Amino acid sequence: MKTSTKPYHKKPRILRRRQPNRSRGGDIFIYIFLAVMACIMVLPLVFAINQSLKPMDELFRFPPTFFAKNPGFQNFTDLFVTMNKSTVPFSRYIFNTLFTTAVGTAGHLLIGSMAAFVLAKYDFPGNRLIFGVVVTALMFTGSILMIPNYLIMNSLGWIDSLLAIIVPAFASPMGVFLMKQFMEGLPTALIEAAKVDGATEWYVFTRIVMPNVKPAWLTMIIFSVQSLWNNPASVYIYSEEKKALVYALSQVSLGGVARTGQAAAVSVVTMIVPILLFIISESQILETMASSGIKD
Amino acid sequence: MSSFAKSYVEMKKTNARIAWKKAKNMKTCYLFLLPFFVLFFTFYILPIFSSIYYSFTYYNILEPPKFIFLQNYINLILQDDVFLIAIKNTFIIAVITGPIGYMLQFVCAWFINELPKWLRAIVVIMFYSPSIAGNIYYIFSIFFRGDAYGYVNGILIDIGLINEPIFFLTNPEYMMGLIIAVLLWLSMGAGFLGFVAGLQGVDKAQYEAGYLDGVRNRWQELWYITLPNMKPMLLFGAVMAITSSFGVSAQTMALCGYPSTDYAARTIVTHLYDYGFTRFEMGYASAIATILFLAMILCNKAIQALLRRVGH
């Protein structure tokens, strides 16, 4: 049935013009442009992986080579040895990162989506104002908040405590923003019906709204994990046993020329996790981002 | 006149009473919002105000803050030559990487939207990866290393274009160009995802209607149908672009060093970091943060005004 309404579906994808008002030349240009851009975007990443697989003598060869001739995992094993020589066991760093990421994400998911739920579905005094502030707060990056947050953490006694990383992550405006925008798309009738049946707000939230916004909370989780994973929090944390994995790893790369190979291994380890997470959840994230617009 | 004022006050009172009644009926709503609001206020709103407050003081954490009114701002603008360099650099970076990065994001997303589905998924991963890959941008310091082992230098010497290596990362002539290139490479962030997803969400029927109404090529389609539909995403993308282009510091510090030669790669945030965490002059650093904050808000307002004209 579908194919009969769109007959051009029968031709192979590349040969067919998507829409009648598209020029062939334009299509070719698009493919070339995107191919060039994709190379620019990916080559440095491929290079980083290659670099991590090169033995020491290849890292300092003249003229430099792009691909490793004798690839091996020497740098990764070296990195492991270096990490184990540190005063704090390697597993401790991993635990710190897993702990902050897990707790921070769980709290963010619960607190953030509770707020998003009422912001999206109820009209109460102050609703618009609060959401407006959340949207503005999307711009408050670490750089602006760094100094005053340090002072706040200081007065709370949270300097050199994992709480300084975890608790602010609970209220990250990005997650609430995306969640609220996505929840707006839920039919209000669904909620009204439940309320007529006498359901409480909590019931509506946990049993009706949350199961229906799966892409949004997956996105919330991924974004939260990505930012917590990449957050060295070097400003707040100074004692060795509380440092996150990324922070500890970045200290290895500061070890100078002798650690060039290990530094490359470090960057591969750090980049692989967020990228894999994105690959797994791409379609859900895009579904969420479709409602990310800010209305005037 | 007084009766008018009276009725105005009366009206306001009634409005407040209605709002209060509504609020009382909505108690659960506020309960749901409370945990978020408390944390959001403490770690995202309060800092802005405390930053403004501390910017009028001399504060080094050890001693209680001393109120000095505008002295920090006067020093910043009249005496701090390095801050002027930082402003200039941040301005250059924001003006170039902001709009170009923004347009690049949109153009790429727009082109990607024309691809078949399976290819689109792969290309989006390729484009989005650099921005989530942590501090991977450090790899450019190997490309552009100032000795013959640096890739660019190595290749240039090998083919005989230059005789001795160029100090890309320490020579002020090259620094900014390099930083800008790296930032553009990193610019495909959340805004880009918003564009990709938003373009998918545009109602297909509108394109068909547009075709019947005589939309002849993709440019007309872009201006008359796509862009007006994408306005909310464009605003979101703008907020993201402002955030990333004004907040640059980690990349310059990783690539050009901290401090960089002649402060040639210093940005406002680097300066803020310097005063806040190297010298612990929190009042002075707060003044820097406040200026940055105001600049970002103004920029956001300007872009909102500009985007209102799209499609008209």
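What you are looking at is a predicted structure, and each value in this text was computed from that prediction instead of being measured.

Let's talk about the domain arrangement of chain B
Residues and elements named next belong to chain B.
1) Next: Partitioning chain B into domains gives domain 1 (1-54) and domain 2 (74-307).
2) Next: Counting from both sides, the interface comprises 4 residues of domain 1 and, opposite them, 5 residues of domain 2.
3) Next: For the pair domain 1 and domain 2, the summed buried area comes to about 370 Å², and 65% of that belongs to carbon and sulfur atoms.
4) Next: On the domain 1 side of the interface with domain 2, the three residues burying the most area are Ile 48, Ser 51 and Tyr 54, jointly 81% of the side's total.

Concerning the interface of chain A and chain B
1) Next: Contacts between the two partners involve 101 residues from chain A, matched on the other side by 102 residues from chain B.
2) Next: Inspection of the chain A/chain B interface yields 1 salt bridge.
3) Next: Here chain A is connected to chain B by 9 residue pairs in polar contact (both at pLDDT 80 or more).
4) Next: Counting residues per element, the side of chain A that touches chain B draws most heavily on helix α2 (residues 24-53) of chain A, which supplies 17 residues.
5) Next: Taken together, the residues of the side of chain A that touches chain B sort by class into 71 nonpolar, 19 polar and 11 charged.

Here's the deal with empty space enclosed by the protein
Residue and element names in this part refer to chain B.
1) Next: Per the stated rule, a full pass over the model turns up 1 cavity of 30 Å³ or more.
2) Next: Empty space within the largest cavity amounts to approximately 40 Å³.
3) Next: Every residue along the wall of the largest cavity is listed here: Thr 252, Met 253, Gly 257, Tyr 258, Pro 259, Ser 260, Ala 265, Arg 266 and Thr 270.
4) Next: Tallied by class, residues from the lining of the largest cavity come to 4 nonpolar, 4 polar and 1 charged.

Re helix α7 (residues 142-156) of chain A
1) Next: Along its length, α7 of chain A shows its largest kink, about 35 degrees, at Pro 148 of chain A.
2) Next: When you tally the buried positions in α7 of chain A, you get 11 out of 15 residues, the bulk of the element.
3) Next: The complete set of buried residues in α7 of chain A reads Ser 143, Ile 144, Leu 145, Met 146, Ile 147, Pro 148, Asn 149, Tyr 150, Leu 151, Ile 152 and Met 153 of chain A.
4) Next: On its buried face, α7 of chain A sits against α8 (163-170) of chain A together with α2 (27-54), α13 (268-278) and α14 (282-307) of chain B.
5) Next: Trailing α7 of chain A by a residue or two, Gly 157 of chain A shows a phi angle of about 75 degrees, which is positive.

Rules used throughout
- Residues numbered from 1 in each chain as written.
- Chains lettered and ligands numbered in written order.
- Predicted model: local features only at pLDDT ≥ 70, side-chain atom pairs only at ≥ 80, totals over all residues.
- Heavy atoms only, no water.
- Domains from an automatic or database assignment.
- Contact = heavy atoms within 4.5 Å.
- Buried area = accessible area lost by both parts, 1.4 Å probe.
- Salt bridge = Lys/Arg side-chain N within 4 Å of Asp/Glu carboxyl O.
- Polar contact = N/O pair within 3.5 Å; in protein donor to acceptor, adjacent residues only side chain to side chain.
- Helix = DSSP H or I, 4+ residues; strand = E, 2+ residues; numbered from the N terminus.
- Nonpolar A, V, L, I, M, F, W, Y, C, P; charged D, E, K, R; others polar.
- 1 Å grid on protein atoms, 1.4 Å probe; cavity = no way out; pocket = protein on both sides within 12 Å on 5 of 7 lines; lining within 4 Å.
- Points joined across faces, edges and corners; volume = space filled by probe spheres on them.
- Bend = angle between axes of the 7 residues up to and from the residue.
- Buried < 20%, exposed > 50% of the residue type's maximum accessible area, 1.4 Å probe, protein only.

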